[in-house]
Amino acid sequence: MKTAKKNIRHLTPDELNSYFETLGEKKFRAKQVYEWLWLKQAQSFDAMTNLSKDLRAKLADNFTLPALAVDATQYSADGTVKSRFKTHDGHLVEGVLIPTDERKTACVSSQIGCSLSCKFCATGYMDRKRNLDFDEIYDEVVLINQQSERVYEKKLTNIVFMGMGEPLLNYRNVMKSIERITAPDGLGMSPRRITVSTAGVAKQIKQLGDDNVRFKLALSLHAANDVKRNEIMPINESNNLQALIEALNYFYKKTENEITFEYILFNNFNDSLKDADELIRIYRQVPADLVNIIEYNPIDMATFRKPDEQTTNNFMQYLEKHRVNARLRRSRGKDIDAACGQLANKEGIQ
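Procedures and definitions
Residues numbered from 1 in each chain as written. Predicted model: local features only at pLDDT ≥ 70, side-chain atom pairs only at ≥ 80, totals over all residues. Heavy atoms only, no water. Helix = DSSP H or I, 4+ residues; strand = E, 2+ residues; numbered from the N terminus. Rg over C-alpha atoms; globule rule 2.2 N^0.38 Å. Contact = heavy atoms within 4.5 Å. Areas by Shrake-Rupley, 256 points an atom, 1.4 Å probe, with all protein chains shown as cover. Lys, Arg positive; Asp, Glu negative; His and termini not counted. Charge placed at Lys NZ, Arg CZ, Asp CG, Glu CD. Buried < 20%, exposed > 50% of the residue type's maximum accessible area, 1.4 Å probe, protein only. Phe/Tyr/Trp six-rings, centres within 6.5 Å; stacked < 30°, edge-to-face > 60°. Lys NZ or Arg CZ within 6 Å of the ring centre and 35° of its normal. Pairing = 2+ DSSP bridges. Axes fitted to C-alpha atoms, helices over the stretch in contact; angles between N-to-C directions. Expected span 1.5 Å × (residues − 1). Arc of directions from axis to C-beta.

Undergrad: Mind showing me how you'd approach the overall build of the protein here?
TA: A count of helices and strands for the protein gives 10 helices and 14 strands. The C-alpha atoms of the protein give 22 Å as radius of gyration, which agrees with the globular expectation for 350 residues (20 Å, within 12%). Principal-axis analysis of the C-alpha atoms places the extent of the protein at approximately 70 × 45 × 40 Å. Put simply, 66% of the contacts in the protein that link residues at least 6 apart link residues at least 24 apart. Within the structure as shown, the protein displays about 16300 Å² of accessible surface, and the carbon and sulfur contribution to it stands at 47%. Placing the 50 positive and 47 negative side-chain charges of the protein at their respective mean positions leaves the two points 3 Å apart.

Undergrad: Would you mind going over unusual backbone geometry with me for this structure?
TA: It is generally the case that most residues other than glycine have a negative phi and that most peptide bonds are trans. Phi at Gln41 takes a positive value of approximately 55°, unusual for a residue other than glycine. By secondary structure assignment, the location of Gln41 is in the loop between α2 (28-39) and α3 (53-62). Positive phi outside glycine occurs at Glu256, with the angle close to 55°. Here Glu256 is to be found in the loop between α8 (241-255) and β12 (259-264).

Undergrad: Even after reading the chapter, I still don't get the environment of Ile299, so can you show me in this structure?
TA: Its place among the elements puts Ile299 in the loop between β13 (290-294) and α10 (309-321). When its relative accessible area of 11% is taken as the criterion, Ile299 is described as buried. Placed 177 residues apart in sequence, Ile299 and Ala122 show a C-alpha to C-alpha distance of 6.3 Å.

Undergrad: In this structure, what is going on with the packing of aromatic side chains? I would like to understand it.
TA: Pairs of aromatic rings are described using the distance from one ring centre to the other and the angle between the two planes. Taken as a whole and judged by the stated rule, the model has 12 aromatic pairs. With 5.3 Å between their ring centres and 70° between their planes, Tyr19 and Phe20 make a pair best called edge-to-face. Of the two residues, Tyr19 and Phe20, neither departs from the other in class, the shared state being buried. A connected cluster of aromatic rings, assembled from ring pairs, spans Phe120, Phe266, Phe269, Tyr296 and Phe304. Directly above the ring of Phe134 sits Lys176, whose terminal nitrogen or CZ lies 5.5 Å from the centroid. Looking at Lys228, its charged tip hangs above the ring of Phe269, at a distance of 5.6 Å from the centre.

Undergrad: What should I look at first to understand the sheet that holds strand β5 (residues 92-99) in this one?
TA: Paired through their backbone hydrogen bonds, the strands of a sheet run either parallel or antiparallel. One open sheet holds the 10 strands; their spatial order is β3-β4-β5-β6-β9-β10-β11-β12-β13-β14, and the pairing between them is mixed. For this open sheet the edge positions go to β3 (69-75) and β14 (326-329), each flanked by a neighbour on one side alone. Mean inter-strand twist for the sheet, computed between neighbouring axes without regard to direction, equals 25°.

Undergrad: Mind showing me how you'd approach α8 here?
TA: Quick reminder: α-helices carry 3.6 residues per turn. Residues three or four places apart thus point the same way. The first and last C-alpha atoms of α8 sit 21 Å apart over 15 residues, in line with the 21 Å expected at 1.5 Å per residue. Taken together, the buried positions of α8 are Leu241, Leu244, Ile245, Ala247, Leu248, Phe251 and Thr255. On an axial view of α8, the arc spanned by its buried residues comes to 165°, and they lie on one face. Immediately beyond the C-terminal end of α8, within one or two residues, lies Glu256, with a positive phi of roughly 55°.

Undergrad: When you look at α3 in this model, what are you seeing that I'm missing?
TA: Those residues of α3 lying buried are Leu55, Arg56 and Leu59. Taken down its axis, α3 places every buried residue within 100° of arc, on the same side. More than 90 degrees from the buried face of α3, the exposed residues found are Lys53 and Asp61. Looking at the packing, one finds that the buried side of α3 touches α1 (13-22), α2 and β2 (63-64).

Everything listed here is a matter of geometry and, on its own, says nothing about what the molecule does.
Here it is, written out as structure tokens:
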């Protein structure tokens with residue numbers, strides 16, 4: 001029985017070297033292929049033009065090179081670009097290019113669907129089909145970077161893991177993708193320009209500290225007491241606020257990396273001054289650099305609404321008065337369901 005071909009991007013440089021040795025090929029061939037896979041982002045063996053046809057055929061016989069492909073694209077009136085990507089096994093996943101004058105940010109997904117069921121997030125109403133492999137996450141960044149260069153004539157400046165899925169429940173692939181994204185023989189991006197956002201997996205936040213990561217961390221807080229957070233984020237039942245505060249402090253002690261809180265305002269749920277007080281209390285217990293107050297973006301499956309401008313302003317002013325470094329983040333790409341919490345592989349993308 002023939003064994004299944006291995007994905008060539010899952011080979012280490014040493015394994016590639018060994019393979020070429022068995023063929024009797026010179027050592028530099030392995031380096032050439034590795035460069036095609038990561039530095040030049042080849043999406044097929046045929047694209048490796050400095051290899052002989054015979055060698056390319058041998059690679060195709062022995063390995064696969066599954067690559068993510070753009071399945072559909074939508075352009076927002078505000079310049080945001082949403083892409084639906086198709087995996088080699090037919091799954092769909094979304095990523096977003098968010099442009100501002102100062103930066104071009106890729107919002108990437110880490111899972112196909114999600115297992116966390118957050119009540120305000122469209123992805124949370126989908127089943128989790130599987131984790132994305134590290135090379136698929138890498139492809140997302142490559143493809144969004146190509147869009148940025150094509151549409152804005154600028155390379156990506158930042159990456160946020162805030163798309164579909166919970167990054168810390170796909171820990172190994174997310175870490176490996178960041179290693180490739182930041183490697184000199186990969187995309188060569190600074191880890192300081194990468195933010196991983198989590199709904200709050202305390203054990204894995206501590207693991208990030210133990211692994212001494214160099215990227216930034218964002219916690220999707222959205223409610224500052226356990227009763228309310230349990231209601232909208234079931235993960236809080238097993239990772240309560242006290243456990244998360246401890247984990248974030250451990251992470252900071254180990255890495256001294258920037259920590260951000262994300263807090264979506266929901267009308268008559270978490271937008272009162274009492275809620276602001278509870279948020280301030282948590283902010284004071286963690287060395288957080290920033291609280292991002294986020295506009296809620298409506299989804300079909302939930303009845304949440306965003307508060308009126310006055311309530312939002314009162315909330316922001318109260319935080320400011322209490323010396324909280326808070327920023328109101330206006331949502332981008334709402335008209336194409338590309339804003340925070342709206343990614344759901346909707347049909348109708350052209």
